Amino acid sequence: MLLTGKTALVTGSTSGIGLGIAKALAREGANVVLNGFGDVDAPRAEVLAAGQAAGAQVAYHGADMSRVAEIEDMMKYAAAQFGRVDILVNNAGIQHVANVEDFPVEKWDAILAINLSSAFHTTRLALPAMKAADWGRIVNVASVHGLVGSAQKSAYVAAKHGIVGFTKVTALETATTGVTCNAICPGWVLTPLVQKQVDAKAAERGLSNEDATRLLLGEKEPSMQFTTPEELGGLAVFFCSPAADNVRGVAWNMDGGWAAQ
């Protein structure tokens with residue numbers, strides 16, 4: 001298996017994109033540390049099942065990604081469970097939608113803390129051991145909104161543009177080492193976060209869920225189909241493979257043509 005003996009920490013991995021990436025890494029033999037809110041038993045069982053044939057083990061830490069002390073504790077926990085963190089996937093994120101002048105200050109602060117600053121804290125803590133081993137993979141889950149903007153998403157777009165910039169700087173600082181840093185920029189992925197937007201659009205316009213989905217995709221995504229967590233997991237595995245040893249600092253969009261327009 002490609003990642004046997006490696007340890008992957010995936011933030012925000014109890015559902016959606018993070019869970020899809022965690023399962024993909026476990027299938028390749030990586031031991032996985034999950035993180036997130038809500039039900040833990042079900043996602044842990046899914047990742048264990050995905051990695052069963054490869055002998056992957058699964059642990060969990062419930063760090064609140066807006067709290068530096070809890071992030072620090074999570075990184076110590078991961079090292080204590082499995083040794084150093086070899087693969088760091090910064091995926092945790094939240095969303096709020098409002099015009100700039102109406103945007104609640106506390107929502108702005110929370111989005112930047114969880115979507116951007118948490119990636120800085122996990123990365124700064126993971127890098128020393130990665131550099132010492134001369135191998136590591138940092139995968140930052142940005143968004144197509146790290147490349148383009150959308151109205152009413154000022155904090156999210158600012159944070160995701162920040163993640164893309166942070167990815168480039170980290171890649172430059174590790175360019176002569178065996179550590180790489182890259183970003184994935186998905187378009188619409190049918191996660192619980194996006195389902196809420198579909199439901200809101202259906203309620204607002206009196207549409208069926210199916211029609212609201214078509215409307216949502218039609219506004220931005222030429223392929224008219226969602227990117228899947230499985231596809232994103234496959235890209236994360238590629239970033240961890242020898243074929244990606246010299247892929248550094250990219251913002252790789254999987255967005256059905258969204259940013260190509």
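Everything quoted here is computed from the prediction, not taken from an experiment.

*Asks:* Residues and numbers for the overall build of the chain, please.
*Replies:* Within the chain, the secondary structure is distributed over eight helices and seven strands. Here the C-alpha radius of gyration of the chain, 18 Å, is about what a compact globule of 261 residues would show, namely 18 Å. For the chain, the spread of C-alpha atoms along the three principal axes comes to 55 × 35 × 35 Å. When the 261 residues of the chain are sorted by exposure, 51% land in the buried category.

*Asks:* So what's going on with the pairing of strand β2 (residues 31-34)? Residues and values would help.
*Replies:* The side-chain alternation of β2 yields two buried faces, one formed by N31 and V33 and the other by V32 and L34. Bridge analysis of strand β1 (residues 7-10) against β2 gives four bridges, and the strand direction is parallel. Bridging from a neighbouring strand, L9 pairs with V33 of β2. In this sheet, strand β3 (residues 58-60) lies alongside β2 in parallel orientation, the contact comprising three bridges.

*Asks:* Describe the nonpolar core, listing the residues and the values that go with them.
*Replies:* In this structure, I21, L25, V47, I87, V89 and I184 are the most contacted members of the largest nonpolar core, which totals 32 residues. Counting residues per element, the ones that place at least two in this core are β1, α1 (16-27), β2, β4 (87-90), β5 (136-141) and α8 (229-239). Examining the composition of this core, we find that seven residues originate from one element, α1, more than from any other. In this structure, A78, V85, A92 and L127 belong to the second largest nonpolar core, which totals 21 residues.

*Asks:* So what's going on with the packing of α1 against helix α2 (residues 41-51)? Residues and values would help.
*Replies:* Think of two packed helices as two axes; the pair is described by the angle between the axes and how far apart they sit. Packing of α1 against α2 brings their axes to within 7 Å, and their N-to-C directions diverge by 30 degrees. For the element pair α1 / α2, the angle class is roughly parallel. Note that α1 runs across α2; the crossing there is right-handed. Each of L19, A22, K23, A26 and R27 in α1 lies in contact with α2, whose residues at this interface are P43, E46, V47, A50 and G51. The class makeup of the residues in the contact of α1 with α2 is six nonpolar, one polar and three charged.

The rules behind these values
- Position numbers for residues count from 1 along each chain, tracking the sequence in the order it is written.
- Thresholds applied to this predicted model are a pLDDT of at least 70 for local features of residues and 80 or more for the giving and counting of side-chain atom pairs; totals over whole chains, interfaces and linings are not thresholded and use all residues.
- Side-chain metrics in this entry use all non-hydrogen atoms of the structure; hydrogen atoms and water are not considered.
- A run of DSSP states H or I qualifies as a helix once it reaches four residues; a run of E qualifies as a strand once it reaches two. Both are numbered from the N-terminal end.
- This radius of gyration counts C-alpha atoms alone. The globule rule is 2.2 Å times how many residues there are, raised to the power 0.38.
- Per-residue accessibility, obtained with a 1.4 Å probe over protein chains only, is compared with the maximum for each type, and a residue is labelled buried under 20%, exposed over 50%, and partly exposed between these values.
- At least two bridges found by DSSP between two strands are what make those strands a pair.
- Throughout, nonpolar core names a set of buried Ala, Val, Leu, Ile, Met, Phe, Trp, Tyr and Cys residues whose side chains join them through atoms within 4.5 Å.
- Axes here mean lines fitted to C-alpha atoms, for a helix over just the part in contact, with angles spanning 0 to 180 degrees between N-to-C directions.
- Here is the rule for angles: anything less than 35 degrees is roughly parallel, anything more than 145 is roughly antiparallel, 65 through 115 is roughly perpendicular, and the remaining ranges are oblique.
- By convention, the crossing between two helices is left-handed when the near helix turns anticlockwise from the far helix through less than a right angle, and right-handed when the turn is clockwise.
- Between two residues, a contact is recorded if the distance between any of their heavy atoms is within 4.5 Å.
- Gly is put with the polar residues, along with every residue not named as nonpolar or charged; the nonpolar set is Ala, Val, Leu, Ile, Met, Phe, Trp, Tyr, Cys and Pro, and the charged set is Asp, Glu, Lys and Arg.

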